[in-house]
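# A structural walkthrough
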Amino acid sequence: MSLCEFKIEISAASAELADQVLLELGVESWSVLEDVIVKRAWLNGVFPGQQEAVARWEELSPLLRVAGVDLIGDFAVRPLGDSDWRDSYKAHFHAWKFGRLHWVPVWERDTFVLPAGHKVLWLDPGLAFGTGNHETTRLCVERLVALTELVGTNRRWADLQVIDAGCGSGILALSAVLLGFSKVAGFDNDPEAVRVSDENAAANQLANRVGFQVGDLVSGLSGRGADVLFANIQADVLIRFAEELITALKPGGSMILSGILAAENHQVRAAFEALAPGWAFDSRVMGEWSDLLVVRPT
């Protein structure tokens, strides 16, 4: 099959609108790529031939315009080789850091200079979500780093159970290992995400440190308890499975929810507060996105 890539730039401010349109339509051939560092965004699609790509665009473009998505310039369609369509995301993934922890594309391994005393996670996200260049992932990572600094040596945090629900590229689970957590697991309902997570673990010599598996928010959390629980998933899914997430959090544990548009944060918070009265809640906003920290009393 001869694949073609469709690509058109959209304004960075329109990225979340485009995401919402794709989500509501339930289409899988399209995706939004964002580079939050240079503040640019693109709508990408991969299709079996140019005619198919243009036809799908003619269906989608009016819906994007009605939603207020700002299209920039003309679209481009180019043929893809057998493997280079899998590498198109590389142009949008850049090294970044928070504190002493760095997240760097694995293809920059030979040129990247790691400062003394710092740690690095080499990443190749493939088709899975999670490079850290998106605000939703950054919110989670910054919470994780802050948590380790807050706990410090006052608790045996290295032995706490960390679960990454919807692991994507494995970035959160693997970052937890680098920060010293010894009991870390992750799951995703997409087998491709689990495969990429395993590959990223191997690339960082962490293959035996994290257990990744295929699962959803029911099967993945069933019979398990977490001291630190990540769920970087869209707001409506978090609300739908709030009970499962709350049940999985151990006393004294922290749950970090992300993938929440800032405008939807109050809805997610209300759903969790209703099921967990007396628990502590905190949220932050980064761009158009937000997180929700949920802390269960001891």
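Residues numbered from 1 in each chain as written. Predicted model: local features only at pLDDT ≥ 70, side-chain atom pairs only at ≥ 80, totals over all residues. Heavy atoms only, no water.

Two descriptors summarise a pair of aromatic rings, namely the distance from one centre to the other and the angle between the planes of the rings. A full pass over the atoms with the stated rule returns seven aromatic pairs. Members of the aromatic cluster, each reached through a chain of ring pairs, are Phe6, Trp30, Phe47, Trp57 and Phe75. (Phe/Tyr/Trp six-rings, centres within 6.5 Å; stacked < 30°, edge-to-face > 60°.)

Once that is clear, we can look at the sheet that holds strand E4 (residues 71–80). On the basis of which strands lie adjacent, the open sheet formed by four strands has the order E2-E3-E1-E4 and antiparallel pairing. Single-partner strands in this sheet number two, and they are strand E2 (30–35) and E4. Geometrically, the sheet is characterised by an average inter-axis angle of 20° between neighbouring strands, direction not taken into account. With seven bridges connecting them, strand E1 (residues 3–10) and strand E3 (residues 40–47) associate as antiparallel partners. Within E3, the residue paired with lysine 7 across the bridge is asparagine 44. Along the sheet face, helix H1 (residues 15–25) touches E1, E2 and E3 and points at about 160° away from the line of E2. Of the strands in this sheet, E1, E2, E3 and E4 are in contact with helix H2 (residues 50–67), which crosses E4 at around 160°. (Pairing = 2+ DSSP bridges. Helix = DSSP H or I, 4+ residues; strand = E, 2+ residues; numbered from the N terminus. Axes fitted to C-alpha atoms, helices over the stretch in contact; angles between N-to-C directions. Contact = heavy atoms within 4.5 Å.)

A few words on the pattern of salt bridges. Per the stated rule, a full pass over the model turns up 13 salt bridges. Between glutamate 199 and arginine 195 there is a salt bridge; the shortest N-O distance is 2.4 Å. Of this pair, glutamate 199 and arginine 195 both sit in helix H5 (residues 191–203), four residues apart, roughly one helical turn. Exposure remark for arginine 195: the relative accessible area of 35% places this residue in the partly exposed category. Several salt bridges share partner residues, and in doing so they unite Glu142, Arg143, Asp282, Arg284 and Asp291 into one network. (Salt bridge = Lys/Arg side-chain N within 4 Å of Asp/Glu carboxyl O. Buried < 20%, exposed > 50% of the residue type's maximum accessible area, 1.4 Å probe, protein only.)

In this section: the confidence of the model for the protein. If pLDDT is low for a region, its predicted coordinates should not be looked at in detail. Across the protein, the average pLDDT comes to 85, with 87% of residues at 70 or higher. This model gives residues 127–132 a pLDDT under 50, and the stretch forms 27 contacts once residues within four places in sequence are excluded. (pLDDT = per-residue confidence, 0-100.)

With that settled, consider helix H8 (residues 265–275). For H8, the complete set of buried residues consists of Asn265, Val268, Ala271 and Phe272. Buried residues of H8, viewed axially, fall in a sector of 135°; they line one side. Facing away from the buried side of H8 by over 90 degrees, the exposed positions are His266 and Ala274. Buried-residue contacts for H8 involve helix H6 (235–240), helix H7 (242–248), strand E12 (249–261), strand E13 (280–286) and strand E14 (289–295). (Arc of directions from axis to C-beta.)

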